[in-house]
Amino acid sequence: MPRAIIFDLDGTLTASKAALETSMGALLAKLSHQIPIAITSGASLTQFKEQVVARLPADAELQNVYLLPTSGAALYFWNGSDWQSAYQETLTEVQMAGAERAIEKAIAELKMDLPPAYGARVERRQDTQVAFSGVGQRAPIAEKQKWDPDQKKRRTMVEIIKPELPWAEVKMGGMTTIDITRKGIDKLYGATKLAERLGLTLTDLLYVGDALYPGGNDEVMLGSSAKVEAVTSLADTKKLIESLLSH
Ligand SMILES: [Mg+2]
């Protein structure tokens, strides 16, 4: 049994940006009474609150729930009445503006013909991350699936963006996203900070994600000393939680 568990969000606990299902919420609530659980994603804290926190059953042990939004650039814990920041790796105004310019440059250089966006296409998230979403932040899953199924569009964009931003981590996330954070800030950084906060080491942690493969947005965890468990569906994750609960 691990001492704490970190779950990826999209594709692991919920469908992409979809609300947490009641059955998954019930399982997480049960687990939260046994061990600390954390959730990580490129999403913003606001998105975490809508997508997960608001859907957790009232009996969840929030003191044992940790949120790692914006790819681990921040950690939030429940202080009894609100989500409190434990740390926040912020970008400067110059860095955020530079990231936005680099994205524009890639779009122009590749002469990309982007479809109309649902919601913002480029977003500053809590001043810790600049996120590009090919068809917009609020696009329906079907639209997202169509846009860059083989990741080619984003791969070529990343090749142009990276040299523009030597201070940054530039990574593909989700189905249509490119996430830009400070160098060294990623899901593994978040996991390391969480372990520190809990008085544990990475070897005590289990990381559960649907993209634990080369090029996947959980890949960074593969090279760490944390245990990892790859899932391929929400049903898979539920089975895993059930088996953990029966220990
Ligand atoms: Mg995922």
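One can find the structure itself at the top, above this paragraph.
Below you will find a few notes about this structure.

Criteria and thresholds
Residues numbered from 1 in each chain as written. Predicted model: local features only at pLDDT ≥ 70, side-chain atom pairs only at ≥ 80, totals over all residues. Heavy atoms only, no water. Donors = N, O, S within 2.8 Å, 3.2 Å for Na, K, Ca; no water. Helix = DSSP H or I, 4+ residues; strand = E, 2+ residues; numbered from the N terminus. Expected span 1.5 Å × (residues − 1). Buried < 20%, exposed > 50% of the residue type's maximum accessible area, 1.4 Å probe, protein only. Arc of directions from axis to C-beta. Contact = heavy atoms within 4.5 Å. Polar contact = N/O pair within 3.5 Å; in protein donor to acceptor, adjacent residues only side chain to side chain. Phe/Tyr/Trp six-rings, centres within 6.5 Å; stacked < 30°, edge-to-face > 60°. Lys NZ or Arg CZ within 6 Å of the ring centre and 35° of its normal.

## What about the coordination of the magnesium ion?
In step 1: Summarising the metal site, the magnesium ion is bound by the protein donors Asp-8 (OD), Asp-10 (O) and Asp-210 (OD), whose distances to it range over 2.2 Å.
In step 2: Coordination of the magnesium ion draws on donor residues from a single chain, spaced D-x1-D-x199-D in sequence. Here Asp-10 is found in the loop between strand E1 (4-8) and helix H1 (22-32), whereas its partner Asp-210 is found in the loop between strand E10 (205-209) and strand E11 (227-230), with 200 residues between them in sequence.

## Topic: helix H6 (residues 187-198)
In step 1: The end-to-end C-alpha distance of H6 is 16 Å, a good match for the 16 Å that 12 residues give at a rise of 1.5 Å each.
In step 2: Restricting attention to buried positions, one finds in H6 the residues Lys-187, Gly-190, Ala-191, Leu-194 and Ala-195. Around the axis of H6, the buried residues are gathered within 135° of arc, so they sit on the same side.
In step 3: Structurally, H6 contributes buried residues whose contacts are with E1, strand E2 (37-40), strand E3 (65-68), strand E4 (74-78), strand E5 (83-88) and E10.
In step 4: The backbone nitrogen of Leu-188 lies 3.1 Å from a side-chain oxygen of the residue at the head of H6, namely Asp-186.
In step 5: Gly-199 sits one or two residues past H6 and shows a positive phi near 70°.

## Regarding the packing of aromatic side chains
Geometry of an aromatic ring pair is reported as the spacing of the ring centres plus the angle between the planes.
In step 1: Within the structure shown, the criterion is met by three aromatic pairs.
In step 2: Summarising the aromatic geometry, the rings of Tyr-87 and Tyr-189 are spaced 5.7 Å apart at their centres and angled 85° between planes, so their arrangement reads as edge-to-face. Here Tyr-87 is found in strand E5, whereas its partner Tyr-189 is found in helix H6, with 102 residues between them in sequence.
In step 3: Aromatic pair Phe-132 and Trp-147: ring centres 6.1 Å apart, planes at 55°, arrangement tilted. With Phe-132 in strand E7 (residues 129-133) and Trp-147 in helix H4 (residues 141-147), the pair connects residues that are 15 residues apart, well separated along the chain. Pair check on accessibility: Phe-132 and Trp-147 agree, each one buried.
In step 4: In this structure, Lys-153 packs its charged tip against the face of Trp-147, placed 5.3 Å from the ring centre.

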